[in-house]
Amino acid sequence: MSTALLEIVDVSKTFRSAGDAVPVLDRLKLTVNQGEIVSIIGPSGCGKSTLLKIVAGLDIDIEGRVLLEGEPVKKPSQEKGFIFQEHRLFPWLTVERNIAADLSLRKPDVRRKVDELIKLVKLQGFEKAYPKQLSGGMSQRVAIARALLRNPKVLLLDEPFGALDAFTRSHMQEALLDIWRENRTTMLFVTHDIDEAVFLSHRVIVLDARPGRIKTIVPIDLPFPRKRTGAAFQELRTLILRALEHEEPENGSVSYTI
Amino acid sequence: MSNPTTEALKGVAPSQVTAKPIASNHTTRKKGDFKGRKFLLGSLLPLIILGSWQYVSGTGIVDPMLFPAPSSIIKEFYEMVVSGELFRHLEISVLRALLGFLLGGSLGLLFGLAVGMFSKFEELVDPTVQMIRTVPLLAITPLFILWFGFGETSKILLIALGSFFPLYVNTFLGVRNVDSKLFDVARVLEFKRVNQMLRLVLPAAMPNVLLGLRLSISIAWLVLVVAELMGADRGIGYLIQDARSFMRTEVVFIGIILFAAVGKLTDSLVRVLERRLLKWRDSYRG
Ligand SMILES: Nc1ncnc2c1ncn2[C@@H]1O[C@H](COP(=O)(O)OP(=O)(O)OP(=O)(O)O)[C@@H](O)[C@H]1O
Ligand SMILES: [Mg+2]
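So, a few notes on the structure that sits alongside this text. Bear in mind the structure is a predicted one, so any value in this text is a computation, not a measurement.

## Some thoughts on the overall build of chain A
Each helix and strand counted, chain A has seven helices and ten strands in total. Since a compact globule built from 258 residues should have a radius of gyration of about 18 Å, the 18 Å found for chain A is in line with a globular shape. Along the longest, intermediate and shortest principal axes, the C-alpha atoms of chain A span 55 × 45 × 35 Å. Counting all 258 residues of chain A, 55% fall into the buried class. Here the contacts in chain A between residues at least 6 apart in sequence split such that 69% fall between residues at least 24 apart. In the form shown here, chain A has an accessible surface area of approximately 11900 Å², with 51% of it arising from carbon and sulfur atoms. Distance from the positive charge centre (37 side chains) to the negative charge centre (34 side chains) of chain A: 5 Å.

Below, the structure written as structure tokens:
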């Protein structure tokens, strides 16, 4: 199971604007294995989104290397599915056409796969609905289906459920695990929510701010489905919270959902 | 300064675009009887005006040469339809407007897209276009007549020039308003260059493009009248001019009503198009 799929090797990123340089990521090193769900958690502004954009190939002005199956990442591609915090659907396309996007639904294999995905994300009956008619959770499921249609090698999710209410969020987490059980899609999952990280992932990466470095890596060796109320779950949650709260004098205002 | 003709001929400034959102023209589907009532209410005022006009003409207070009774206008209209005279004039006018609009409008759309997409092209083209846009079309008309004569070429080119600007300005604006976040999506999904244009930029800019379309069409009509009044031997504009010199006031009215009717018809067509193409929009519909 542990073949490396994604390797982030000594990646540093510095934003330069008007003379001064802001180091955001500092020699970050991380390997994600095939079929693994890795969560990234850390204070606001520590560079989580920046890291995800680098892995996606949306930002290539970096030091260090990102390798996907040993090949350096040079540009965005369908191999690296990206789920943004906002759903970013095309408002003028119906659900099914959003999933297909630039592919034609008249092609039988596209049609078949889109129908399968609509079932997988439980949106039957909404194929012909426009994004304005969907709730936040439904829209995000469409975005996930759109990414999955391209058979991504890795799914990059940037706080995908951050804008949803608690109930919808836990529902979406289960939906994501269903998808994982079905496809074993490798995922890199950025979140603010410790509970979510422990519930979903095989490993939780705790990032440090300014410049972003890995503070600790917490492996979550609990079997799925996980019980949020279980003692082991609580213990891991506390562990991560400690790691996060430890040394945070400059902006103690950051709060984490427990 | 505030002459509406010259204002309209200049094309439309972006500020006017926001002032008149398309959404207000969408009618939400409501009960049939409501629609009927709305129609009745809308036709009340014209009916009252027509009725009193007819009455006043009968009394002899007004000069029938200047204000012919609606009944005599209708009679004249009927005769012109039967003799085929009206259709002959309408045909050439519609053809001129259509050709001019197709030429100018499509160029406006293409240039608007190109200028919106490529900032190098914008720097190259936009300053010149904006400069020409500020010149009132009426001022250019004599030049066009000198260059191309009184024939069809000068008319069609003048109409094309007029209908170029609204589509150009609004398409440009529409492209610049495309959510840049959606471009990231297009990159991640590996859209081809053509698809980026056809499946992202064009649909996203569609509300503005359709607004530009409507404005272009109305300007095409306006310039058509100007061109035909300047000199023509056929067309609705000529009909009006000719009728004026022979004091056939009925015919002048018929010409005006025809322009209004065709203008309204094309406007409704664009609205139908809007309703079909913009049903995805999530905006207030009055
Ligand atoms: N385009 C940019 N130019 C300059 N600085 C930037 C740019 N994008 C991000 N930054 C800076 O980089 C740092 C990290 O930003 P990033 O968006 O990656 O944070 P984050 O960890 O995702 O935060 P959050 O949890 O709030 O989403 C921030 O301090 C931000 O100010
Ligand atoms: Mg972020």
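## Here's the deal with the interface of chain B and chain A
Across the boundary between the two partners, chain B contributes 19 residues, which contact 21 residues of chain A. Each partner contributes to the roughly 2000 Å² buried at the junction of chain B and chain A, and carbon and sulfur atoms together form 64% of this total. Ranking the residues of chain B by area buried against chain A places Val188, Leu189 and Trp280 of chain B at the top, with a combined share of 31%. Between Glu190 of chain B and Lys75 of chain A there is a salt bridge; the shortest N-O distance is 3.9 Å. If you look at where chain B meets chain A, you find eight residue pairs in polar contact (both at pLDDT 80 or more). Listing elements by their share of the side of chain B that touches chain A, those giving two or more residues are helix H9 (180-188) and helix H10 (193-230) of chain B. For the side of chain B that touches chain A, the element with the highest residue contribution is H9 of chain B, accounting for six residues.

## Observations regarding the site of ligand 1
All names here are of chain A. The local shell around ligand 1 consists of Phe15, Val24, Ser44, Gly45, Cys46, Gly47, Lys48, Ser49, Thr50, Glu159 and His192. The contact in question runs from an oxygen atom of ligand 1 to an N or O atom on the backbone of Cys46, over 3.3 Å. Protein contact buries 59% of the 630 Å² of open area that ligand 1 shows by itself. For the shell around ligand 1, the leading source of residues is helix H1 (residues 48-56), giving three residues. For the shell around ligand 1, a count of residues per class yields three nonpolar, six polar and two charged.

About the thresholds
- Residues numbered from 1 in each chain as written.
- Chains lettered and ligands numbered in written order.
- Predicted model: local features only at pLDDT ≥ 70, side-chain atom pairs only at ≥ 80, totals over all residues.
- Heavy atoms only, no water.
- Helix = DSSP H or I, 4+ residues; strand = E, 2+ residues; numbered from the N terminus.
- Rg over C-alpha atoms; globule rule 2.2 N^0.38 Å.
- Buried < 20%, exposed > 50% of the residue type's maximum accessible area, 1.4 Å probe, protein only.
- Contact = heavy atoms within 4.5 Å.
- Areas by Shrake-Rupley, 256 points an atom, 1.4 Å probe, with all protein chains shown as cover.
- Lys, Arg positive; Asp, Glu negative; His and termini not counted.
- Charge placed at Lys NZ, Arg CZ, Asp CG, Glu CD.
- Buried area = accessible area lost by both parts, 1.4 Å probe.
- Salt bridge = Lys/Arg side-chain N within 4 Å of Asp/Glu carboxyl O.
- Polar contact = N/O pair within 3.5 Å; in protein donor to acceptor, adjacent residues only side chain to side chain.
- Near = heavy atom within 4 Å.
- Nonpolar A, V, L, I, M, F, W, Y, C, P; charged D, E, K, R; others polar.

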